[in-house]
Amino acid sequence: MFATYKESRRHNKLMKVAHNLLYSAYISAARSPADVTAQDVAADAFGRHQIELDLDEAQKFLDAARVARGESTTNNA
């Protein structure tokens, strides 16, 4: 049960990281949401929460955040 809780917390933190990056890019005059990359998600997740992600997992969270926002995804694989 504790493992499920930890996974849920991790998932929520990573989704929030991806959403925040997209939102920041959306309100920025110099950057658009299309410019946000999996590397940005991985770096921000480590910087904010000390969570290490590989780029494939970071891309999945970024794609999920884009879908939740009603944007199209970019498949960099």
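Residues numbered from 1 in each chain as written. Predicted model: local features only at pLDDT ≥ 70, side-chain atom pairs only at ≥ 80, totals over all residues. Heavy atoms only, no water.

Asks: Tell me about a nonpolar patch on the surface, and please be specific about residues and values.
Replies: Together, Tyr-23, Tyr-26 and Ile-27 make up a nonpolar patch on the protein surface, roughly 380 Å² of accessible area in all. Relative to the helices and strands, Tyr-23 is located in helix H1 (residues 2–27). (Patch = residues over 30% accessible without salt bridge, like charges linked within 9 Å, V, L, I, M, F, W, Y side chains within 5 Å. Areas by Shrake-Rupley, 256 points an atom, 1.4 Å probe, with all protein chains shown as cover. Salt bridge = Lys/Arg side-chain N within 4 Å of Asp/Glu carboxyl O. Helix = DSSP H or I, 4+ residues; strand = E, 2+ residues; numbered from the N terminus.)

Asks: Tell me what's going on with the pattern of salt bridges, and back it up with residues and numbers.
Replies: The tally for this structure, following the rule as stated, stands at five salt bridges. Notably, a salt bridge pairs Arg-31 with Asp-40, separated by 2.4 Å at the nearest N-O pair. Taking the relative accessible area as the measure of exposure, Arg-31 reaches 33% and is therefore partly exposed. A salt bridge links Arg-66 to Glu-71; the nearest nitrogen and oxygen atoms lie 4.0 Å apart. With relative accessibility at 24%, the residue Glu-71 sits in the partly exposed group. (Buried < 20%, exposed > 50% of the residue type's maximum accessible area, 1.4 Å probe, protein only.)

Asks: If you had to explain the nonpolar core to someone new, which residues and values would you point to?
Replies: Judged by nonpolar contacts, the single largest core of 18 residues is most densely connected at Leu-14, Val-36, Val-41, Leu-53 and Ala-58. Those elements giving two or more residues to this core turn out to be H1, helix H2 (38–49) and helix H3 (55–68). The biggest single contributor to this core is H1, with seven residues. Those residues in contact with Leu-53 that lie beyond four places of it in its chain are Arg-10, Leu-14, Val-41, Ala-42, Ala-45 and Ala-58. (Core = buried A, V, L, I, M, F, W, Y, C linked by side-chain atoms within 4.5 Å. Contact = heavy atoms within 4.5 Å.)

Asks: An account of the packing of H1 against H3 is needed here, citing residue identities and associated values.
Replies: Across the interface, H1 lies against H3 with an axial gap of 9 Å and an inter-helix angle of 65°. It follows from the interaxial angle that H1 and H3 lie roughly perpendicular. In this structure, H1 crosses over H3, and the sense of that crossing is right-handed. Taking contact as the criterion, the partners of Arg-10, His-11, Leu-14, Met-15, Ala-18, His-19 and Leu-22 in H1 are, on H3, Glu-57, Phe-61, Leu-62, Ala-64, Ala-65, Arg-66 and Ala-68. (Axes fitted to C-alpha atoms, helices over the stretch in contact; angles between N-to-C directions. Parallel < 35°, antiparallel > 145°, perpendicular 65-115°, else oblique. Left-handed = near helix turned anticlockwise from the far one by under 90°.)

Asks: With reference to specific residues and values, describe the confidence of the model for the chain.
Replies: Predicted confidence across the chain gives a mean pLDDT of 92, with 94% of residues reaching 70 or more. Mean pLDDT across the elements of the chain ranges from a minimum in H1, with 95, to a maximum in H2, with 97. (pLDDT = per-residue confidence, 0-100.)

Asks: Now, about the environment of Leu-62: what can you tell me, with residues and values included?
Replies: On the secondary structure map, Leu-62 appears in helix H3. For Leu-62, a relative accessible area of 1% puts it in the buried group. The sequence separation of Leu-62 and Ser-32 amounts to 30 residues, and the corresponding C-alpha distance is 14 Å. Once residues within four sequence positions are removed from consideration, Leu-62 is found in contact with Ala-18, Leu-22, Val-36, Thr-37, Ala-38 and Val-41.

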